[in-house]
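One-letter residues, chain by chain:
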Amino acid sequence: MRAFNRLSIQSKLMSMLLAVSIGSILVIAFEGYRSGRAAIKGSAEKRLIGLRASKARQIEDYFDGLRGQVEVLGSSPTILAAMTELSAGYKTVLGESKSIDNDRVGRLREFYRDEFGPRLSESSGRAINSDTFVPASIVSRYLQYEFIANSEFDIGEKDKLVDPGDGTKYSEFHVKYHPIFQQIVEEFDYYDLFLIDSEGEVVYSVFKEVDFATNLRIGPYARTSLANAYKDAQKQNQGYVSIADFSLYDPSYSAPAAFMATPIFNGTDLIGVMAIQIPVDQINSVMTDDGNWESDGLGQTGETFIVGDDFRMRSDSRVLLERPEEYFEALRARQVSERKIARIQNLNTSVLDQPADSDAVKRALEGETGIATITNYLGTESISAYAPLDIRGVDWVLLSEIERAEIFKPISDFTKRVMISAAGLVFVITLASLWLARKFLEPVTRLSEGFTRLSKGHKEVNVEVLADDELGQLAKSFNHMVKKNRKTSDLVFQKSQETEALLLNMFPASVAKRLKKGDVLIADEAESVTVGFVNLLGFQDLTKDLKPQKAIELLNEVVSALDDATDNHGVEKIKTTGSEYLAVSGLSVARLDHSKRIVDFAMDAMRIVSQINRTWDIHLEIRAGIHAGGVMAGTVGSQRLIYDVWGDTVVTAHYVQSAAQPGSVYVSQAVANSLVDIYEFEPKGEITARHSEQVSILKVKN
């Protein structure tokens, strides 16, 4: 109080006006912000919890209904009669008609080669050898020819063929029962319906995809989800309904497919299994309310969706359905592979391909129910209500989510309005206070001169304190600030040194030096380097049998060993993408033997993987592709800066790697020419690289 009494009247007035006005504004604004935020958050959480419970009931009721339908159908006299007669007709079909001849076999192969194979390759994003899908059994070939290859109807409409006109008992029974099953599938909105005999033969399906007339025990689909549902149902009593979770199903052109199956008994004798293919559209209809998210109270960004125990979606993403360009941009930002993105685009579904491993999903899979703020599957902060689903046979969870920014947007708008109003009031009050204190500005000159000297770089600046009033206190504060600023400058210099050391640890020395200078964009060219791609094969299949933690441990061991190998051979690691490892020699440090170093590294990589196979008792292979030439190199990104390489040399090296056989190292002719005295090479023909360039490739002999 005594210090305050020593202040001038003008200073007291200015202090009181500013303190009272700003303080009042801050208190009112804070209280409004706090109470409004709490109310909006509580309302949003209640809405999400209600939606979660409602959607959970709907989807559980839907599967209970499906299970009841399958149970009733499986015990119906119609299904029993159809199973008996179609199975009998299936076994006698070749004895009642001419055996399938070479011409028909050829036309069946043409169907697989010209129609099925290209379509499956496009939708799945992988190369397809159509011959592996052609059934081996004569009966299978005969029926697939008559009902599929020789049908006048297009793919997706094969169910329209009722009678192929071959005069067999099977066709007679097909004419009898097919319209009934068509009506059942249409009425209950199944994707397909199957009858499978006790030997595993698919003796009937409505839509006649290529799983028709195949064997689920030994055929090409013996490890599919349909085969799993069939095998489970065969072990059970009448009335039991098994379910197989969604997986990518090749007969449906790699679309996600789940199945329900029930055994068919004739008295006490098991004569077969009836199965249905569960439609994804029905699940999406429940989760999206047929696209009416906003009417459900989910605003512009909210959605409800299902996730399986593999942390993959079992229903479609709202962003994919409403804003596909935004969705795919988000996937690329999260470094999802282009192959997976292409498959999502081709199939127009995120089911099985969209990972969702937020904390909410993990808690729900552990059996918990609750609501939390999490980072969602597209990297956006959201509020998520989560709970496990009670569906026998699958381990699924359901989540209702909405972006946090949308929930609190009204509060943000309110805060902006308050800030604008407060700024206006403070401005007016400040003008009034300044007008009152104008004639007292002369004593500030000393401080102004001190600040001027400080801005010009003088560190030893001191202002003499002439009074014990507010200006004296300000002078003291200034002197204290100068001392503190000097200490801060020293600390900044120290941190700068530490930053330089960190940059040298993350990037090549030349790149780190330029980054330190403040270069935002670094782009260089190297005329003579060697680029190598190493691809780890078999890891994706292996992860199906490994838990996520074990899979990551294995991949980490492989990559760490390859990193050590790059150091040993004087090779620079650029990046890893999925199962691919990119390395360059001769980029940051010019080397005359850059091609030899990359080949040595690739051969060492084969030894490393062999050792890991023995240690883990697994079977992984690598293939490597190497090419030499010029590249561009530079830094990209803003949030996460990375150093990368581009150019035709990189692309050609990738093409060479793609052409390599598992367990081998392929090089281009340019690399082989420089190493002909060191390694032996085996010509492997040519590949077509970028711009239709023909590149000769050779295999490095071990």
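Everything here concerns the structure above.
Everything numeric in this text was worked out from a predicted model, so none of it was measured.

A.B. asks: Go over the sheet that holds strand β2 (residues 202–205), please, and point to the residues and values.
C.D. replies: The five strands are arranged β2-β1-β5-β4-β3 in an open sheet whose pairing can be described as antiparallel. At either margin of the open sheet sits one strand with a lone partner, and together these are β2 and β3 (242–249). Recorded for the sheet is a direction-independent mean angle of 25° between the axes of neighbouring strands. Relative to strand β5 (residues 269–278), strand β4 (residues 255–266) runs antiparallel, the two being bridged by nine bridges. Residue pairing across strands places P263 opposite V273, the latter belonging to β5. Across the sheet, helix α3 (residues 77–96) is in contact with β1 (192–197), β2, β4 and β5; its angle to β1 comes to roughly 65°.

A.B. asks: Outline the environment of L143, listing residues and values.
C.D. replies: Of note, L143 is situated in helix α5 (residues 138–149). Once the C-alpha coordinates of L143 and S171 are considered, the two residues, 28 residues apart in sequence, prove to be 9.6 Å apart.

A.B. asks: How would you explain the packing of α3 against α5 if you had to name every residue and give the values?
C.D. replies: The relative placement of two packed helices is expressed as an angle between their axes plus a distance between the axes. Relative orientation of the contacting elements α3 and α5 amounts to 90°, with a least axis distance of 10 Å. As judged from the angle between their axes, α3 and α5 are roughly perpendicular. Contact residues: Y90, V93 and L94 in α3; I138, V139, S140, Y142 and L143 in α5. Residue composition of the contact of α3 with α5, by class: seven nonpolar, one polar and no charged.

A.B. asks: Outline helix α7 (residues 225–234), supporting the account with residue identities and numerical values.
C.D. replies: For α7, the tally of buried residues reaches seven of 10 residues, placing the bulk of the element in the interior. Turning to α7, its buried residues number three or more, namely S225, L226, A227, A229, Y230, A233 and Q234. Packed against the buried residues of α7 are β1, β3, β4 and β5.

A.B. asks: Summarise the environment of L536; cite the residues concerned and give the values.
C.D. replies: Assignment of secondary structure puts L536 in strand β10 (residues 523–537). A relative accessible area of 8% means that L536 is categorised as buried. As for L536 and G663, which are separated by 127 residues in sequence, their C-alpha atoms are 9.7 Å apart. Apart from residues no more than four positions distant in its own chain, L536 is found in contact with L555, V558, S579, V609, L620, E621 and I622.

A.B. asks: Give me the lowdown on the nonpolar core, citing residues and values where you can.
C.D. replies: Core analysis: the biggest nonpolar cluster contains 84 residues, and I59, F63, L143, F181 and L195 have the highest contact counts within it. No other element matches the seven residues that helix α2 (residues 9–74) contributes to this core. Each residue touching I59, except ones within four places of it in the same chain, is listed here: I283, V286, M287, I306, L389, I391 and L398. Within the second largest apolar cluster, 38 residues are counted, among which are M603, A605, I608 and V667.

Rules of the game
Residues numbered from 1 in each chain as written. Predicted model: local features only at pLDDT ≥ 70, side-chain atom pairs only at ≥ 80, totals over all residues. Heavy atoms only, no water. Pairing = 2+ DSSP bridges. Helix = DSSP H or I, 4+ residues; strand = E, 2+ residues; numbered from the N terminus. Axes fitted to C-alpha atoms, helices over the stretch in contact; angles between N-to-C directions. Contact = heavy atoms within 4.5 Å. Parallel < 35°, antiparallel > 145°, perpendicular 65-115°, else oblique. Nonpolar A, V, L, I, M, F, W, Y, C, P; charged D, E, K, R; others polar. Buried < 20%, exposed > 50% of the residue type's maximum accessible area, 1.4 Å probe, protein only. Core = buried A, V, L, I, M, F, W, Y, C linked by side-chain atoms within 4.5 Å.

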